[in-house]
Structure formats: structure tokens, C-alpha cells
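Fold and geometry: a report
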Amino acid sequence: DGEIFKYYADGGWRKSSSGKSVAIVNPTTRKTQYKVQACTQEEVNKVMEAAKVAQKAWARTPLWKRAELLHRAAAILKEHKAPIAECLVKEIAKPSKDAVTEVVRSGDLVSYTAEEGVRILGEGKFLVSDSFPGNERSKYCLTSKIPLGVILAIPPFNYPVNLAVSKIAPALIAGNAIVLKPPTQGAVAALHMVHCFHLAGFPKGLISCITGKGSEIGDFLTMHPGVNCISFTGGDTGVAISKKAGMVPLQMELGGKDACIVLEDADLDLVAANIVKGGFSYSGQRCTAVKVVLVMESVADVLVEKVKAKVAKLSVGPPEDDCDITPVVSESSANFIEGLVMDAKEKGATFCQEYKREGNLIWPVLLDHVRPDMRIAWEEPFGPVLPVIRISSVDEGIHHCNASNFGLQGCVFTRDINKAIMISDAMETGTVQINSAPARGPDHFPFQGLKDSGIGSQGITNSINMMTKIKSTVINLP
Ligand code: G3H
């Protein structure tokens, strides 16, 4: 009906003075579903100024009160799960059940963060000087954790709510202000989530949500002198941000090419179930998706047959029907995925299913006999396409995994725990899962990528710590 959703600043909903909007295209219908405000640089300046003022007062608000507000926001978020999930279905074509799960998981994450924050921010350290050579016991050092200031949170389209709150909640409990720039696809879900924080009663200006075109406000936000920390999840943009950002701490979760190494003694039914879940959930649009299978040649035929049978059972269609495979987020994404598939075809990969596409909907494809000269062996499709590379030794698998520019997660399947641990040690990734597909959760586990997969570590505890600084007070005795 032409409504343009307002952005959130200084405790209220506002129209941009630009008079312009950004369209959110429904990946399924490929028609404009919603519109959001195209905010201006001037509006960014105002939000930054308000955040700075609000943060000072917030940092002085007792920790237990900050936690209380977060618990309230978590409860409201869960109450609003249906309308927020509806936005996720329309904006990013997330299957309806997964969309509800994302919101519930987000509520749980916010509550857990409040609890964890109360514990870890409620204690500091006490040190004495005489343990270091040459010192008497004449200096006492007291440390505490203080907030960084204004945190800029930039989540990706695939979890516009969950990967927003995983930045917002740690920032707030630690006494920081938040400026959120949601992804365009998912912006309305994010605005609705922010509405839940608004209803919880956070002070004016402490939280704001700026929508708009990356080309107009992206660099302006990330290079803004009012920003004291950037927490970003997404793709290559993160590399560009890290080069342009000033001297502020960065928390980055970027791409992945998570390998699944399958040994000869593995439980192949377990492996097949994990490959299908890990490779094809949300149509492969997860940074932690299984993105390459490295299987020992002697068990490859059996495994491929098992996976093939499961892929055939995946339902393909609209997210409203809760299908397993739904349209990928945009036409350009579908075109990119198709490019990888065509390259593999030209170079002789075996197609376990026929390649099929209608609009942004791509049917799931398992590609067998993939070789290292194919792009799909290295690149991240972010779609329902999974390559299988047959290996003749475990070392070959580890070598392929480590030759990647990414290093997010990986997994190994074997019944031999000693081998599993040795392989885990050898894999250059932030996490290795033994006998399960890669995954970020449970959300209090550390989550981090090596190489081009990221900077810093996440997970609830690490994020709270990352969004604070240590402050010392030294008492010098006479
Ligand atoms: O897309 C990146 C997410 O951090 C992955 O989260 O493992 O819960 O799907 P997930």
C-alpha cells in the first residue's frame, strides 16, 4: 500500500528527510514486498550524537537494571515471534518454522546474555605488586570492565534478527549504546525486533536502527568518528570495512568453506544425515553450512548414494509451505550459484540430480567427482549446491581444507576418537565438530573464524568481553 517503514532514532519512529525509500524484494514473488527509509548522512550524525549522550547515562545505570530491561525485551520478542517470523518469510524466504525458531532463539540469547553479563561484569581483579621482580608489596591494582561506547552492529540477511541481537544484547549489558544497520533483506524483521526493545523501555537514543542504501551510508557509518567498535557479520564487505575502519575493535564473522572430512570407519548414515542438514538447511545460506565433502574413496559410492536418497526427499517450494529448499535471497545470488554449477558441469563433475531453476528457486544438487580445478571446490555458493571431492588419504583432506582462504568451521566423521582429535588439531579452522555438522550454536559456545573467515571471537561470553575494556585503578601505598 505504499507504506514506507520508519527508522528508529531518539526513542521514536521517524521518516527520513531524503524522501527516498529502499525496496525489499520478496525472493519468492520477486516483487517489492516492503519499503524502508533511505536515511541520510545527516540522520546518521544525529543518531551518533544521541547514542553518545545516552551511553554515558546507561553506563552509570546499575548492572542489575540493565539486565532487567534485557529480560523484558527477551520476553516481548518471544511474544512477537509470529509477526516477526512472517517478515522473515517474506523478506528472506526463510522456511516458516525456521523463521519462528530464529526469533525464539533470539529471545533465549538475550536472556542468557543478561544472566551472563551480570556474572562476568559483576567481578573484577585484585593484583598486588610484589609478584613481579623488584617490587615491594606497595601497589594494589583493581580492575573492572568498562564499556567501549557506541557499537555499530551490522548483521547479514540470513539471520537479520538473531545475528542482530547477538550484537545488541552483549553491547547493552556491558553499558554500550547501539546503532544498528540491518541488511536490506530483513530490515523490516529487524525494525520489528527493535520495536520489542522499544516496548521494553530502554532510554531514548541508546538504541537506534538506521536503514538505507549501503552506497549512501555504508562507508559513512563504518568510518564515522562516533563509532567505538564495529560488529559485522556478512561477506566480502567485511574485508573492505576492516581496511577502512579507524582504530576501533572489530568483531567480524565473514564467509566459510566448511569441509566435512569422512573417514573409512565413519557411521555413514550419521554422515549422510549431517551432510543433508548441514549442506541444505535454509538452502545452504549459512556461513556454517557444509560446503565441501571430502570423503575417502573406498566409502564414497555408498555415502553418495545415501546422501542422494535423502536429497531426493527434500521438499522444494515456497517458505510459507515450510519447504526445505526455498528461493535464494536474490536474483544475483541465484545467478552466482548457477555460474558455479555451470563451471562444474563444463569441467566434468557428476550431477547426482538434474540442475533445475525457476526464478530464485534452485533445486538441491549434489555434485560428485569434483576436482580442485573447479570453482565450486573453493568458492562459497551460499545456495543448495554441495560438491563432493573423493580423497585417497586423510592428509589430502586436511590439505584441501587448509588450502582454503577461509577457516570458519569444519567437521570430521570417524569412530576413532584419537584420529578425530589429531585431524581437529591439523584443521586450520576456528572450530572443528567431531561427528556432527558445523553450527554456531549453542550460542554461548565460542564462535570464530581463522584467515578470511573473521576477526575476534563471538559467542555470548566472548562478545560481552569484546565489547568492554579493562580499566585499572592502582592504589600506591606510602
Ligand atoms: O551464517 C552464519 C551464522 O552465524 C550461522 O549460524 O550455524 O546457527 O546457522 P548457524
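Along each chain, the written sequence defines residue order, and numbers are assigned to residues from 1. The predicted nature of this model means local features are confined to residues of pLDDT at least 70 and side-chain atom pairs, given and counted, to a pLDDT of 80 or more, with totals for whole chains, interfaces and linings taken over all residues.

Describing the overall build of the protein
Summing up its helical and strand segments, the protein has 14 helices and 27 strands in all. Only C-alpha atoms enter the radius of gyration, while the globule expectation follows 2.2 Å times N to the 0.38, with N the number of residues. The C-alpha atoms of the protein give 24 Å as radius of gyration, which agrees with the globular expectation for 478 residues (23 Å, within 12%). Its C-alpha atoms put the protein at 75 × 70 × 40 Å along the principal axes. Burial in this document is a count-based property: other C-beta atoms within 10 Å of a residue's C-beta are tallied, and the residue is buried at 20 or more, exposed at 12 or fewer, or partly exposed in between, with C-beta positions derived from the backbone. Counting across all 478 residues of the protein, residues that qualify as buried make up 51%. By sequence separation, contacts in the protein at least 24 residues apart represent 70% of the contacts at least 6 residues apart. Labels follow the DSSP assignment, with helices taken as runs of H or I lasting at least four residues and strands as runs of E lasting at least two, numbered in each case from the N terminus. Contact between two residues is assigned whenever their backbone-derived C-beta positions fall within 7 Å.

Digging into the UniProt feature "domain: Aldehyde dehydrogenase" (unreviewed entry) in the protein
UniProt positions are given in the numbering used here, feature names are shortened, and annotations may be inferred rather than shown by experiment. Those residues carrying the UniProt feature "domain: Aldehyde dehydrogenase" (unreviewed entry) are residues 13–472 in this numbering. Regarding residues 13–472, the helix share stands at 41% and the strand share at 21%, and the terminal C-alpha atoms are separated by 40 Å.

Some thoughts on the nonpolar core
Ranked by size, the top nonpolar core spans 139 residues in total, and within it Ile178, Val262 and Val293 carry the most contacts. Ranked by residue count, the leading element in this core is helix α6 (residues 187–200), at nine residues. Note on terminology: a nonpolar core is any set of buried Ala, Val, Leu, Ile, Met, Phe, Trp, Tyr and Cys residues joined through C-beta atoms within 7 Å.

Some words on unusual backbone geometry
Following Gly441, the chain continues into Pro442 via a peptide bond in cis, with omega recorded as -5°. Positioned with a positive phi, Asp10 is a non-glycine residue whose angle comes to about 50°. Residue classification places Asp10 among the partly exposed positions, given that 16 C-beta atoms sit within 10 Å.

Quick look at the packing of helix α3 (residues 81–92) against α6
One way to put it is that α3 packs onto α6 with a least axis distance of 8 Å and a crossing angle of 165°. The orientation of α3 with respect to α6, classified from their angle, is roughly antiparallel. Both α3 and α6 take part in a crossing whose hand is left-handed. Every residue of α6 that contacts α3 at Pro83, Ile84, Cys87, Leu88 and Glu91 is listed here: Val188, Ala189, His192 and Met193. Gly falls in the polar group here, along with every residue not listed as nonpolar (Ala, Val, Leu, Ile, Met, Phe, Trp, Tyr, Cys, Pro) or charged (Asp, Glu, Lys, Arg). Looking at side-chain class alone, the contact of α3 with α6 contains seven nonpolar, one polar and one charged residues. In this analysis an axis means a line fitted to C-alpha atoms, helices contributing only their contacting stretch, and an angle means the value between N-to-C directions, from 0 to 180 degrees. Throughout, the term roughly parallel applies to angles under 35 degrees, roughly antiparallel to angles over 145, roughly perpendicular to angles from 65 to 115, and oblique to all others. Take the far helix as the reference: if the near one is turned anticlockwise from it by less than a right angle, the crossing is left-handed, and if turned clockwise, right-handed.

Here we look at the sheet that holds strand β1 (residues 4–5)
In short, DSSP must find at least two bridges between two strands for them to pair. Spatially, the three strands line up as an open sheet ordered β1-β5-β4, and their pairing is mixed. Each having just a single partner strand, β1 and β4 (21–25) make up the two edges of the open sheet. Bridge count between β4 and strand β5 (residues 32–37): five bridges; the pairing is antiparallel. Bridged to Ile24 within β5 is Tyr34. Seen against the sheet, α6 touches β1, β4 and β5 and runs at an angle of roughly 55° to β5.

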